[in-house]
Amino acid sequence: MTDHGSQEGSRGSLDRAVELLTGVAPLSIDARHFLEGGPGRARVVPGGVQLEVASAGLVARPKVVIIYEIPPADRRRLEAFQGHLPVQGPLSLSANVQAWRNATDKKLAAECFRREGVAHMDTIALRRPEPEIAYEAFERLGGNVWARPRVGVGGRDVFHLTTRDQLDAAARHYAATGQDWLISRDAGNFTTDGRRHQFRVVVLHDQVLRVCEHVQANLDAPCNESQGAISTVVPVEQFPLQYRRLAIAATRSLGLRFGGVDLAIENGGVIFEVNVHPTLAVPGGIESVAIPFVEAHLPNPCRSQRS
Ligand SMILES: Nc1ncnc2c1ncn2[C@@H]1O[C@H](COP(=O)(O)OP(=O)(O)O)[C@@H](O)[C@H]1O
Ligand SMILES: [Mg+2]
């Protein structure tokens, strides 16, 4: 189940992984049917759940429901549906609504990191602050901060701020777009040749599945491929154990069993965020991430069909 309106491309990787593991293609359901107010109906039935979308002629009693590629802004509207998925058992990896909230809402994420002792940069949440309140927060964080929307929009609306004028402009932008926001102290995540530098680390339970290094020449731009960063896959075993452990701890601190962690290793290592659905449309994404992720949903007899 994915948002069929999304262009991100993870759905194809998941479909392929299901086929490789089980020998059959999955039934691909548009998650938008099951958002609050949508035509989809879910009923708990003996041994599982029945999904129906009358207008689409769909009736299914899946053994496994895999949910992916749900835009952050829509996740709250999927919660009632997730409530029908048993927390224990093979349908379980997407049933933890609170974990999704913790990861999707960066204010909640920062609170979880603080509570669980997961290293991250000092963060202050803002809504529509008076200028003096914003200046005070900005100075408290060293006058060199990153501003982000409280609910992410894929690396957009993220600003590196080093002056009060920039802070004012960011405040106006978030007010105009109706977003709550956060400012965090700059992580100083530079390579020795002075470029921005971070990693995307995909975690499943207590394992790291994939590590990708990002280097960004524009020091004021997020270190994301979509913003011009250069990405290189790093063999997991070459990524230092302490940062693998940091990524695993960050994922667990939110209540997630799977996540894509954005982290910097400079100055001891800090977490920026944990993505509920890291994109799978990346080099090696099917083998390294989609297959183990799908496999973690499958009951044992199904898994043993893998040749
Ligand atoms: N404190 C910080 N120091 C340095 N870079 C940061 C900081 N906070 C955010 N960034 C950069 O901005 C990017 C976007 O922030 P992130 O929390 O990953 O949100 P999203 O990807 O949802 O937009 C980060 O991946 C990182 O490149
Ligand atoms: Mg990110």
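Residues numbered from 1 in each chain as written. Chains lettered and ligands numbered in written order. Predicted model: local features only at pLDDT ≥ 70, side-chain atom pairs only at ≥ 80, totals over all residues.

The next point concerns the domain arrangement of the protein chain. One frequently used descriptor of interface size is the decrease in accessible area upon assembly of the parts. Here the protein chain is described as being made up of domain 1 (10-93), domain 2 (122-185) and domain 3 (189-276). The gap between the C-alpha centroids of domain 2 and domain 3 is 23 Å. Contacts between domain 2 and domain 3 engage five residues on the former and six residues on the latter. For the side of domain 2 that touches domain 3, a count of residues per class yields one nonpolar, four polar and no charged. (Domains from an automatic or database assignment. Contact = placed C-beta atoms within 7 Å. Nonpolar A, V, L, I, M, F, W, Y, C, P; charged D, E, K, R; others polar.)

The next thing to look at is the sheet that holds strand β2 (residues 48-53). The antiparallel open sheet is built from three strands, whose spatial order is β1-β2-β3. Whereas interior strands pair on both sides, the edge strands pair on one side only; in this sheet they are β1 (41-45) and β3 (58-60). Across the sheet, the mean angle separating the axes of adjacent strands is 15° when strand polarity is ignored. (Pairing = 2+ DSSP bridges. Helix = DSSP H or I, 4+ residues; strand = E, 2+ residues; numbered from the N terminus. Axes fitted to C-alpha atoms, helices over the stretch in contact; angles between N-to-C directions.)

To continue, consider helix α8 (residues 285-295). Among the residues of α8, those classed as buried are G285, S288, V289, A290, I291, F293 and V294. Buried residues in α8 make contact with α1 (10-22), β8 (196-204), β9 (207-216) and β11 (258-264). (Buried ≥ 20, exposed ≤ 12 C-beta atoms within 10 Å, placed from the backbone.)

Looking now at the site of ligand 1. As a structural note, the neighbourhood of ligand 1 is formed by 19 residues, with W146, G152, A187, P222 and C223 the closest of them. Looking at the shell around ligand 1, the elements with two or more residues in it are β5 (145-149), β7 (181-185) and β12 (270-275). Of the residues in the shell around ligand 1, the class split is seven nonpolar, seven polar and five charged. In this structure, the shell around ligand 1 is formed jointly by two domains, domain 2 (122-185) and domain 3 (189-276), each of which donates at least three residues. (Near = placed C-beta within 6 Å.)

Within β12, six of the six residues are buried, leaving the element largely enclosed by the surrounding structure. In this structure, β11 lies alongside β12, joined through five bridges in antiparallel fashion. Counterpart to D262 in the pairing with β12 is E273. Where β11 folds back on β12, the antiparallel hairpin that results is connected by five residues, among which N267 adopts a positive phi of roughly 55°.

Within the secondary structure, R244 sits in helix α7 (residues 241-253). Spatially, the C-alpha atom of R244 lies 10.0 Å from that of L209, the residues being 35 residues apart in sequence. Discounting residues that sit within four places of it in the chain, R244 has contacts with V208 and F239.

Within the largest apolar cluster, 58 residues are counted, with the highest numbers of intra-cluster contacts made by V201, V203, L263, I271 and V294. Counting contributing residues per domain, this core is built from domain 1 (10-93) and domain 3 (189-276), each supplying no fewer than three. Beyond its immediate sequence surroundings of up to four residues, V201 is in contact with V208, V211, A247, V261 and L263. Counting residues in each nonpolar core, the second largest holds 16 residues, with W146, L161, L167 and Y174 among its members. (Core = buried A, V, L, I, M, F, W, Y, C linked by C-beta atoms within 7 Å.)

Any two packed helices are characterised by how steeply their axes cross, that is the angle between the axes, and by the distance between the axes. Contact geometry for α1 and α8: axes closest at 9 Å, N-to-C directions at 65°. What the angle tells us is that α1 and α8 run roughly perpendicular. In this structure, α1 crosses over α8, and the sense of that crossing is right-handed. Contacts between α1 and α8 pair S13, L14, R16, A17, V18, L20 and L21 from the former with G285, I286, A290, I291, V294 and E295 from the latter. (Parallel < 35°, antiparallel > 145°, perpendicular 65-115°, else oblique. Left-handed = near helix turned anticlockwise from the far one by under 90°.)

What follows concerns the pairing of β11. The element β11 is extensively covered by neighbouring structure, given that seven of its seven residues are classed as buried. Here β11 shows a buried face lined by F258, G260, D262 and A264 and a second buried face lined by G259, V261 and L263.

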